[in-house]
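# Fold and contact review
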Amino acid sequence: MYLWLWYVPGTDDQIREACAAAATVLEQRGVTIEQAFNAAVAANEVEEAQAREDMPTANAAAVAAWYAAEYVALETLAEITGEWPLQGALITRESTGSATT
């Protein structure tokens, strides 16, 4: 599994560079790509009533790491391309041997 950006400007090499920056954020926070992605997906599936209970989300640190990594990837890509990726999103892809992250 590796990181990729969806709906963004830039070449594949520029996207790889931005995703490498995101992967560094996850590593620094001590979570894997899979852990962070799964935690973010689970947090998005929380029922509205449960979300209102002021209870911390399960795996909150991993969720925060995912969104911090996404921001860094988008920010890095914007620095490279000179254009903020307004609709961009950090995603995961299954490893095929072609990615560097």
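In what follows, the structure referred to is the one given above.
Residues numbered from 1 in each chain as written. Predicted model: local features only at pLDDT ≥ 70, side-chain atom pairs only at ≥ 80, totals over all residues. Heavy atoms only, no water.

### So, the nonpolar core
If you look at the biggest cluster of nonpolar residues, it comprises 27 residues, and the most contacted ones within it are L3, L5, I15, L26 and L90. Going through the elements one at a time, β1 (2-6), α1 (12-28), α2 (33-44) and α4 (60-81) are the ones with two or more residues in this core. When residues in this core are grouped by element, the largest group, nine residues, is from α4. Other than its neighbours up to four places away in sequence, L90 contacts L3, W4, L5, C19, A22, W66, A69, E70 and A73. (Core = buried A, V, L, I, M, F, W, Y, C linked by side-chain atoms within 4.5 Å. Buried < 20%, exposed > 50% of the residue type's maximum accessible area, 1.4 Å probe, protein only. Helix = DSSP H or I, 4+ residues; strand = E, 2+ residues; numbered from the N terminus. Contact = heavy atoms within 4.5 Å.)

### Describing the pattern of salt bridges
Per the stated rule, a full pass over the model turns up one salt bridge. Between R16 and D13 there is a salt bridge, with its nearest N and O atoms 3.0 Å apart. Highlighted residues: R16 and D13, both in helix α1, separated by three residues, approximately one helical turn. With a relative accessible area of 56%, D13 lands in the exposed category. (Salt bridge = Lys/Arg side-chain N within 4 Å of Asp/Glu carboxyl O.)

### Topic: unusual backbone geometry
Residues other than glycine seldom take positive phi values, yet Y7 does so here, at roughly 60°. Secondary-structure assignment places Y7 in the loop between β1 and α1.

### With respect to α2
Over its twelve residues, α2 runs 17 Å from end to end, which matches the ideal 16 Å to within 8%, given 1.5 Å per residue. Along its buried surface, α2 packs onto β1, α1, α4 and β2 (89-93). (Expected span 1.5 Å × (residues − 1).)

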